[in-house]
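# Results of the structural survey
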Amino acid sequence: MAKKILPDKKGLFYPTEEIKKRSWVNNKKIYEEADKNPIKFWEKVASELFWKKKWQKAFEHKPPFFKWFLGGKLNITENALDGNLPKRKDKPAFIWEPEPTNEKPRILTYGDLLKEVNKFANALKKLGVKKGDKVGIYMPMIPEVIISMLACARIGAVYSVVFSAFSPSALKIRLQIIEAKVLITADGYYRRGKPINLKESADEGIKETMVKKVIVVKRVGNKINWDAKKDLWWHECVKNQSENCPAVAMNSEDLLFILFTSGTTGTPKGCEHVCGGYMVQAYWTGKLIFDLHEETIFWSTADIGWITGATYSCYSPLLNGTTFILYEGCPDWPAFDRWAQIIEKYKVTVFYTAPTAIRMFMKYGSDLVKKYSFNSLKLLGSVGEPIDEAAWNWYFQKVGKGRCLIVDTWWQTETGGILITSLPGIGPFKPAFSGLPLPGVRFDILDEKKKRPPIGEQGNLILLPPFAPGLLRGTYKDPKKYLETYWSQYGKKIYFTSDAALKDKNGLIRIVGRVDDVIKVAGHRLSTGEMEAVINLHPEVVECAVLGIPDKIKGEVPIAFVVPEDKSPCPALRDKVINQVRREIGSIATLKEVYVVEDLPKTRSGKIMRRILRKLSTGEELGDLSTLSNPESVGKIQIIIKNANKI
Ligand code: WTA
């Protein structure tokens, strides 16, 4: 039995000798070495992988643009699949756990996965998909989603995965931007025991797009509409396809995939991730941070529609020859402890989830996890939102049983892989702190005047050159957005993360949260600007403001203040607004409350004062209202909030 990990006098946690011994990296000299020459350091990491042709130049910087491993040629699937054969041909690459408990899991060995990927890659080729073509993937957590991503990568097609719970409108805009000609989807999937008709959403989402072919996986067998001109069954596409398909040689800087994420404005931005740099970072961060070994069973609970799914529920474990778990459903279905059952069933060694899930587990009570020994667990991970001390301690004591360290990993869709966290073989770990930037990665915290705030005080988190190989190279078809979002606050040589953070005296970083219009709802990244744009489309609405307020489980939830067209609006307006956002974005964007108000508090220049609205809704002290052009609006909103909360 592994030893308990106890904090030192300062409340810091360090790995035990046993943990140090088994970790890939356990000497803190790695930080100094990497910092001497980060480019050389990343080159060393990259050389652990297979390149069809070695790069000629490691890094090039023409602010705000930069490139890594120039001249190198590779195919990520050769490293993720072929490279694991013959040693791991019969080793499970992943185990798929369906949500219904009466269905059997599916195990795909590295050998099976390569064959399936090749067959589907050949099927795509038969449909005319070529290197550089864009493919949409709108799929639930089923084995075919992994096969689809890898098959596209095999032939150099650029794919974009759209979260399966996003609405048809959200799918449509993404397909329109990338001009996808092919969409891969499924008839449905299970969510809380209910079959969800995904094909129906796909049918709606491809309207007014360039999609000519829709490949459909038969997952549920539900009734779906079929358009014989467009629709093709997956199983028919792959029938009789060869199990061999050469991996296309990609340039390091060729696009691998585009993942849309929420930003400040109404439209989502497509983060461009490239073959070489992304591969290196996905590989290395998994190895270093999750300490992936031959015997590791890795489970990241994130959906494949988000960056955490892409990097850690697919590429990172495969590039490290590890077995991972792909779970179709909700962690608390059909019983609160389904997640715990999965950990025990597959003897998961590394468990990676979001603070929202941890808070949900906590809510169900500690008794629930008492009966599980979780003996297999060696390491825990957290991602996506700040983890508070209470949740950290519960996770550490009740799940890790005091024997597992917690890597609190900070990163973003834009960064492609983790960039800040303490390392399991080195430490130190401190509850509610992510820890140190990875070796070879330079972060700083600056205030608005480009000065370092004193220790313990917050400022903006920024990333310095040479950044990291996995950082986005652009926002698809929107170079202006790239420049404005990341390279304007501190100039073209400093990447602005949009997060506030602080450092303690040990240099450990604590992430405070976003400083832009992005909110994290149950760890999902949403934009209040996008929601406002959707609400403003409603004919009965003149203007609105959406903001995130704290929520005990989900971290944050969105609420809206809406000014109606009609002075005496119909009582159903509240529900109409909620439905409009659900329909246009998806149920994850469900507004917790809609306040129909006469007027929004504004500055004299007409800017909506969201800060005041936030304070009004959380009941905080309002402070100075003298800058408002319409201070009388505040009292009226106060009454509306009071009345709504009474109901
Ligand atoms: C937040 C998710 C605190 C942060 C991988 C960031 C975190 C945004 C952490 C990106 C963490 C991510 N602690 N906050 N460990 N990890 N965040 O693009 O605000 O969905 O900017 O990527 O999540 O969200 P995204």
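## So, the sheet that holds strand β19 (residues 379-383)
- Pairing is mixed across the open sheet formed by 7 strands, whose spatial order is β5-β4-β17-β16-β18-β19-β20. Sheet topology places β5 (106-109) and β20 (405-409) at the edges, where each strand pairs with a single neighbour. Here the strands of the sheet are splayed against their neighbours by 20 degrees on average, with no regard to which way each runs.

## Quick look at the packing of aromatic side chains
- Taken as a whole, this structure holds 44 aromatic pairs when the rule is applied.
- Arranged with centres 5.6 Å apart and planes meeting at 20 degrees, the rings of Tyr 159 and Phe 257 form a pair that is stacked. Within this pair, whereas Tyr 159 is found in strand β7 (residues 158-161), its partner Phe 257 is found in strand β14 (residues 255-261), the two being separated by 98 residues in sequence. You'll find Tyr 159 and Phe 257 in the same group, each marked buried.

## So, the side chain of Thr 409
- Secondary-structure assignment places Thr 409 in strand β20.
- A polar contact of 2.6 Å, which involves the side chain of Thr 409, links it to the side chain of Tyr 352.
- With sequence-adjacent residues up to four places away left out, Thr 409 is seen in contact with Ile 289, Phe 290, Tyr 352, Ser 382, Val 383, Gly 384, Ile 418, Ile 420 and Thr 421.

## Overview of the pattern of salt bridges
- Taken as a whole, this structure holds 40 salt bridges when the rule is applied.
- The partner of Glu 204 in a salt bridge is Lys 207, and the shortest N-O contact between them spans 3.0 Å.
- On the basis of relative accessible area, Lys 207 is assigned to the partly exposed category, the value being 43%.
- The residue Glu 532 makes a salt bridge to Arg 610 at a minimum N-O spacing of 2.9 Å. A residue pair is termed long-range when its members are at least 10 positions apart, and Glu 532 in helix α17 (residues 528-536) and Arg 610 in helix α19 (residues 610-618) qualify at 78 residues.
- Judged by relative accessible area, Glu 532 falls into the buried class, the value being 11%.
- Through salt bridges with shared partners, a single ionic network connects Lys 87, Arg 88, Lys 91 and Glu 294.

## A short note on the pairing of strand β21 (residues 442-446)
- Taken across its 5 residues, β21 has 4 buried, putting it largely inside the fold.
- Sheet analysis places β21 next to strand β22 (residues 459-464), joined by 5 bridges and oriented antiparallel. In the sheet register, Asp 444 faces β22, and the bridge partner there is Ile 462.

## Considering the site of the ligand
- Asp 408, Thr 413, Asp 499, Lys 520 and Arg 525 are the nearest of the 18 residues found near the ligand.
- One of the backbone N or O atoms of Glu 385 is found 3.3 Å from a nitrogen atom in the ligand.
- Within the side chain of Asp 499, one N or O atom sits 2.5 Å away from an oxygen atom of the ligand.
- Against a free-state accessible area of 520 Å², the protein chains account for coverage of 98% of the ligand.
- Residue assignment for the shell around the ligand shows that the elements contributing at least two residues are α11 (307-319), β20 and β24 (509-514).
- Along the lines of polarity and charge, the residues of the shell around the ligand split into 6 nonpolar, 6 polar and 6 charged.

## Some thoughts on helix α18 (residues 573-584)
- Between its first and last C-alpha, α18 extends 16 Å over 12 residues, near the 16 Å set by a 1.5 Å rise per residue.
- Restricting attention to buried positions, one finds in α18 the residues Leu 573, Val 577, Ile 578, Gln 580 and Val 581. Buried residues of α18, viewed axially, fall in a sector of 155 degrees; they line one side.
- Looking at the buried positions of α18, the neighbouring elements they touch are α17, β27 (541-551), β28 (555-564) and β29 (593-596).
- Just downstream of α18, Gly 586 is the residue with a positive phi angle, here 145 degrees.

## Considering the domain arrangement of the protein chain
- Examined at the domain level, the protein chain breaks down into domain 1 (17-501) and domain 2 (521-646).
- Its C-alpha centre places domain 1 at a distance of 33 Å from the equivalent point of domain 2.
- Every contact between the two is made by 25 residues of domain 1 and, on the other side, 20 residues of domain 2.
- Taking both sides of the interface into account, the surface hidden between domain 1 and domain 2 amounts to around 1600 Å²; carbon and sulfur atoms contribute 51%.
- When the area that domain 1 buries against domain 2 is broken down by residue, the three leading residues are Ser 262, Trp 306 and Arg 359, summing to 30%.

About the criteria used
Counting starts from 1 at the beginning of each chain's written sequence and moves along it residue by residue. Local features in this predicted model are restricted to residues of pLDDT 70 or higher, and side-chain atom pairs are both shown and tallied only at a pLDDT of 80 or more, whereas totals for entire chains, interfaces and linings draw on every residue. Calculated side-chain values reflect all of the structure's heavy atoms, with hydrogen atoms and water omitted. Note: two strands are recorded as paired if DSSP finds a minimum of 2 bridges between them. Here a helix means four or more residues in a row that DSSP labels H or I, a strand means two or more in a row labelled E, and each is numbered from the N terminus. Inter-axis angles, ranging from 0 to 180 degrees, are taken between N-to-C directions of lines fitted to C-alpha atoms, where helices are fitted over the stretch in contact. Aromatic rings from Phe, Tyr and Trp, with only the six-membered ring used for Trp, were paired whenever their centres fell within 6.5 Å, and each pair was classed as stacked if the ring planes differed by under 30 degrees, edge-to-face if by over 60, and tilted otherwise. Residue burial is assigned from relative accessible area. The probe radius is 1.4 Å, only protein chains are included, and a residue is buried under 20% of its type maximum, exposed over 50%, and partly exposed in between. In protein, a polar contact requires one atom able to donate a hydrogen and another able to accept it; more generally it is a pair of N or O atoms within 3.5 Å, and residues adjacent in sequence count only if both atoms are side-chain atoms. Throughout, a contact is declared for two residues whenever any of their heavy atoms are within 4.5 Å. The rule for a salt bridge is simple: a side-chain nitrogen of Lys or Arg has to be within 4 Å of a carboxyl oxygen of Asp or Glu. By convention in these notes, a residue is near a molecule or strand provided one of its non-hydrogen atoms lies within 4 Å of it. Only the protein chains shown count as cover for residues, with accessible areas throughout obtained via the Shrake-Rupley method and a probe of 1.4 Å. Side-chain classes follow a simple rule in which Ala, Val, Leu, Ile, Met, Phe, Trp, Tyr, Cys and Pro form the nonpolar group, Asp, Glu, Lys and Arg form the charged group, and the remainder, Gly included, forms the polar group. Multiply 1.5 Å by the residue count of a helix minus one, and that product is the helix's expected span. Each direction from the helix axis to a C-beta atom contributes to the arc, which is the arc of those directions. Throughout the structure description, domain borders are defined by an automatic or database domain assignment. Values labelled buried area give the accessible surface lost by two parts on being combined, using a 1.4 Å probe and summing over both.

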